[in-house]
Amino acid sequence: MKAVRFHEFGGLDVLRVEEVDDPTPGPGEALVRIRASALNHLDVDVRDGTSRFPVTLPHTLGVELAGDVEELGDGVEDWSPGDRVNPYIMDPCGGCRYCRTGRESLCLTPGFISFTTGGGYAEQVVVKARNLIRIPDSVSYEQAAALQVAFGTAWHMLFTRGNLRTGESVMINSVGSGIGSAAVQLAHLGGAFVIGNASSREKLDRAAGLGMDAGINHATEDVVARVMELTDERGVDLVYEHVGGELFQKGLDSLTKDGRLVICGGHSGEVVEFDIIPFFRAQKSVIGSFVYTREEVAKCLELAGRGLITPLVHQTFPLDDVREAMATMQRREHFGKLVLVP
Ligand SMILES: [Zn+2]
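How each quantity is defined
- Residues numbered from 1 in each chain as written.
- Predicted model: local features only at pLDDT ≥ 70, side-chain atom pairs only at ≥ 80, totals over all residues.
- Heavy atoms only, no water.
- Helix = DSSP H or I, 4+ residues; strand = E, 2+ residues; numbered from the N terminus.
- Buried < 20%, exposed > 50% of the residue type's maximum accessible area, 1.4 Å probe, protein only.
- Contact = heavy atoms within 4.5 Å.
- Areas by Shrake-Rupley, 256 points an atom, 1.4 Å probe, with all protein chains shown as cover.
- Polar contact = N/O pair within 3.5 Å; in protein donor to acceptor, adjacent residues only side chain to side chain.
- Phe/Tyr/Trp six-rings, centres within 6.5 Å; stacked < 30°, edge-to-face > 60°.

Asks: Talk me through the overall build of the protein; I want residue IDs and the actual numbers.
Replies: For the protein, the count of helices and strands is nine helices and 17 strands. Seen along its three principal axes, the alpha-carbon backbone of the protein occupies a region of about 60 × 45 × 35 Å. Burial statistics for the protein: of 342 residues in total, 54% are counted as buried. Of the contacts made within the protein by residues no fewer than 6 positions apart, 69% connect residues no fewer than 24 positions apart. For the protein, the accessible area works out to roughly 14,800 Å², and carbon and sulfur atoms hold 47% of it.

What follows is the structure, given as structure tokens:
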């Protein structure tokens, strides 16, 4: 089969489309014929060697994909060849104290697609059958591939970690990104007042079409002052943060008393200073969030199947054009996911 691999860390030029051996499923495993695989910013960090994940070379990128079950290993009973599936990104151990209490995203010894299996930038992959999630008929492979990281992360951050409730206000940082635009849709669906920010009017207009109630251009406007105006000088109940750098402190300053800031990333500055005094006097919280559960993904796929949320696909590329696809992502001009179609 064809797979996109790199043998050394670096820029776009380290990516090679290579012919590799077809994988075969062992006991409890499924061979999936990949129909679509979405790009994530994590892929750039992994390729550059800055992801802080353990990477074995040569490496095949790609953590989220959709496809058909092609072949099953011994002992798999719940699935059949031809089933349309979206494999869960994690491979939780199932036995640790977190897995046993339904908190598999905290698993002590998790595997991850591409780090402990083959990757999504390929024609086939073998995963554990217990990690497969069914794709509703009305959701395309491209949409399913574009859904998992964005909506799974957003669900886990907003509802599970951030405890967002109907009627609350939320500020979503960088609504033009995949997880930002997914959060706008889910927070709107959950009955929140949704404020979003982005670096351009065009991105804010797109987000308004997804249910954002008010937009702030963080390149030209004072984010905190605008949030206060929009909330009668109260501040928002929840800030959805995944950017880092300056927006982290602005997020903290935009919170109401006893407000929560939930965070899952920091591409614009991974180490930040923050002012401790107003933080504790107003009894605010900072909450970390990492991935999501299999059940949360299944729920989002169901919502997409019923047309209540829409995974956004900006553009699709054949596997051979992987460099162009990654270059497009690195320019950060897209709205929605970039998807490889083998
Ligand atoms: Zn575990």
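Once the structure has been displayed, the description carries forward.
Asks: Any details on the environment of T310? Residues and values, ideally.
Replies: Residue position: T310 is located in the loop between α8 (294-305) and β16 (313-318). As a C-alpha pair, T310 and L210 span 100 residues in sequence and 8.8 Å in three-dimensional space. Residue contacts for T310: discarding those within four places in its chain leaves F151 and Q185.

Asks: Give a description of the side chain of H242 that names residues and reports values.
Replies: For H242, the position within the fold is in the loop between β13 (236-241) and α6 (246-253). Only 2.6 Å separates the side chain of H242 from the backbone oxygen of N173, close enough to count as a polar contact. Beyond its immediate sequence surroundings of up to four residues, H242 is in contact with N173, S174, S177, I179, G180, C264, G265, G266 and H267.

Asks: Give a description of the packing of aromatic side chains that names residues and reports values.
Replies: Inspection of the entire model under this criterion finds eight aromatic pairs. Aromatic pair F6 and F9: ring centres 5.9 Å apart, planes at 50°, arrangement tilted. A relative accessible area of 0% means that F6 is categorised as buried. Look at F9 and you get partly exposed, because its relative accessible area is 37%. Within the aromatic cluster, the residues linked to one another by ring pairs are F53, F112, F115 and F290.

Bear in mind that shape data such as this cannot, by itself, settle questions of function.
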